[in-house]
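# Report on the structure
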Amino acid sequence: MILRIYTQVRSSLSVLKTGYDTDSRLGHVGFYVSLGLTLLIALLPFYVMLVTSLTPDAAIYSDNPSLLPGDITLSQYTVLFTSQTFAFTSYFFNSALVALVTASFSLVVGVIGAYSFTRLEFPGNGIVRRGVVIVYMLSAITVVVPLFQLLARFGLVDTRLSLFITYTVSTLPLTLYMLWNYFESLPVEIEEAALLDGYSRVETIFRVVVPLSLPVLVAAFLFAFKIAWNEYIFASVFLKSQAKLTLPIGIEQMNSNFNNVWGQIMAASFLTTLPIIVMFLYLEQYMVKGLTAGAVEG
């Protein structure tokens, strides 16, 4: 993984440097100073989190704290997986299950919905598309009460299904927006040829459009997964049972229920970031293509 990170950093640096005059010494200095400040601001919190998670409790609460690692221990991580009061493994599984199901369902519905927006003519097409953008712009706190009342009426509070529904509400507008912008850039002639060959509309979508849209599909899946993985508000309102809690809620409860366990909190937080980091590292090439897909036509 370290080699992968190093390769990605070198690739990114080479791309960024093309925007500067390579013959200008001032340009070089400005580029590296800006890059250094950006990396410092972005990576310092993760560095502190990792170092704290590997530091013994005595050193964490010493009168002379240091950003440089001294004695290194894995005891903070050991406690997470052996503790009887903090079910880290259960919380991790709950978050992974909810995020995977939400991202997958949001992607499937998003493909069908985005295709209908861009290829099918029906009354109110423009209004529905504007409505999707408006829903995406709404903050989660503005819809949490009506969603809670609706789910309570159907007896879905304190169930994983409540998270599947509410997380899909949060991720689907983004998925639709990303996909329909890309589908608009695909030549219609390709789909017409498939229809002339005897493919149905559904077969055309999943045998022609989907393979051509792999980069943007990966990008949409990753963003939906990230939103569901890190979501806090809905999970804190709809879940009550300890066995169903997700990682953000579990870590928050550890912080409020126990005193002076910052080492374990940082260890849990670092493990929580790993799946997202790994996914972005290994799918980064698709992410770049997906984020720029549809920007240039022809």
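Not measured: the values here are computed from a predicted model.

For the rest of this paragraph, the subject is empty space enclosed by the protein. In the structure shown here, the tally under the stated rule is two cavities of 30 Å³ or more. If you add up the space inside the second largest cavity, you get close to 30 Å³. Looking at the second largest cavity, the residues that line it are Leu-186, Pro-187, Ile-190, Glu-191, Val-208, Val-209 and Leu-212. Elements supplying a minimum of two residues to the lining of the second largest cavity: helix H9 (188-196) and helix H10 (201-212). Element by element, the count of residues in the lining of the second largest cavity is highest for H10, at three residues.

The biggest cluster of nonpolar side chains holds 63 residues, and the ones touching the most others in it are Leu-80, Leu-179 and Phe-183. Not counting the four nearest positions on each side in its chain, Leu-80 is found in contact with Phe-86, Phe-88, Met-254, Gln-264, Ala-267, Ala-268 and Leu-271.

A few words now on the packing of helix H6 (residues 125-137) against helix H8 (residues 160-183). Interhelical geometry of H6 versus H8 gives an angle of 130° and a closest axis separation of 8 Å. Judged by the angle between their axes, H6 and H8 are oblique. As for how H6 packs across H8, the hand of that crossing is left-handed. Packed against H6, whose contacting residues are Arg-129, Val-132, Val-133, Val-135 and Tyr-136, the element H8 presents Pro-173, Leu-174, Leu-176, Tyr-177 and Trp-180 at the interface.

Next up on the list: the layout of surface pockets. The volume enclosed by the second largest pocket comes to roughly 300 Å³. Along its surface, the second largest pocket is lined by 16 residues, and Val-51, Thr-55, Ala-59, Ile-60 and Ser-66 are the ones closest to its centre. Taken together, the elements giving at least two residues each to the lining of the second largest pocket come down to helix H2 (25-53) and helix H3 (57-60). The element best represented in the lining of the second largest pocket is H2, accounting for four residues.

On to the side chain of Ser-162, then. Following the sequence through the fold, Ser-162 ends up in helix H8. In terms of polar contacts, Ser-162 uses its side chain to reach the backbone carbonyl oxygen of Thr-159, at 2.5 Å. Residues contacting Ser-162, with those up to four places away along its chain left out, are Leu-151, Leu-156 and Phe-238.

To continue, consider the environment of Ile-190. In this structure, Ile-190 sits in helix H9. Look at Ile-190 and you get partly exposed, because its relative accessible area is 36%. Along the chain, Ile-190 and Thr-204 lie 14 residues apart, while their C-alpha atoms are 9.3 Å from each other. Dropping the residues within four chain positions of it, Ile-190 is found in contact with Val-208 and Leu-212.

So, on to the environment of Leu-68. Here Leu-68 shows up in the loop between H3 and helix H4 (75-82). Assessed through its relative accessible area of 65%, Leu-68 is described here as exposed. Taking the C-alpha atoms as reference points, Leu-68 and Thr-52, 16 residues apart in sequence, are found 9.8 Å from one another.

Here the focus is the packing of aromatic side chains. All told, the structure shown has 12 aromatic pairs when counted by the stated rule. Between Phe-88 and Phe-92, the ring centres sit 5.9 Å apart and the planes meet at 45°, which makes this aromatic pair tilted. On the criterion of helical spacing, the pair formed by Phe-88 and Phe-92 is a turn pair, its members being four residues apart in helix H5 (residues 88-119). Taking the centre distance of 5.8 Å and the plane angle of 10° together, the rings of Phe-234 and Phe-238 count as stacked. Placement of the pair is Phe-234 and Phe-238 together in helix H12 (residues 233-238), with a separation of four residues, close to one helical turn. Across the pair, exposure class does not vary: Phe-234 and Phe-238 are buried alike. One aromatic cluster is present, formed by Phe-81, Phe-86, Phe-88, Tyr-91, Phe-92, Phe-221, Phe-225 and Trp-229 through successive ring pairs.

Reading the values: the criteria
- Residues numbered from 1 in each chain as written.
- Predicted model: local features only at pLDDT ≥ 70, side-chain atom pairs only at ≥ 80, totals over all residues.
- Heavy atoms only, no water.
- 1 Å grid on protein atoms, 1.4 Å probe; cavity = no way out; pocket = protein on both sides within 12 Å on 5 of 7 lines; lining within 4 Å.
- Points joined across faces, edges and corners; volume = space filled by probe spheres on them.
- Helix = DSSP H or I, 4+ residues; strand = E, 2+ residues; numbered from the N terminus.
- Core = buried A, V, L, I, M, F, W, Y, C linked by side-chain atoms within 4.5 Å.
- Buried < 20%, exposed > 50% of the residue type's maximum accessible area, 1.4 Å probe, protein only.
- Contact = heavy atoms within 4.5 Å.
- Axes fitted to C-alpha atoms, helices over the stretch in contact; angles between N-to-C directions.
- Parallel < 35°, antiparallel > 145°, perpendicular 65-115°, else oblique.
- Left-handed = near helix turned anticlockwise from the far one by under 90°.
- Polar contact = N/O pair within 3.5 Å; in protein donor to acceptor, adjacent residues only side chain to side chain.
- Phe/Tyr/Trp six-rings, centres within 6.5 Å; stacked < 30°, edge-to-face > 60°.

Read these as geometric descriptors, not functional statements.
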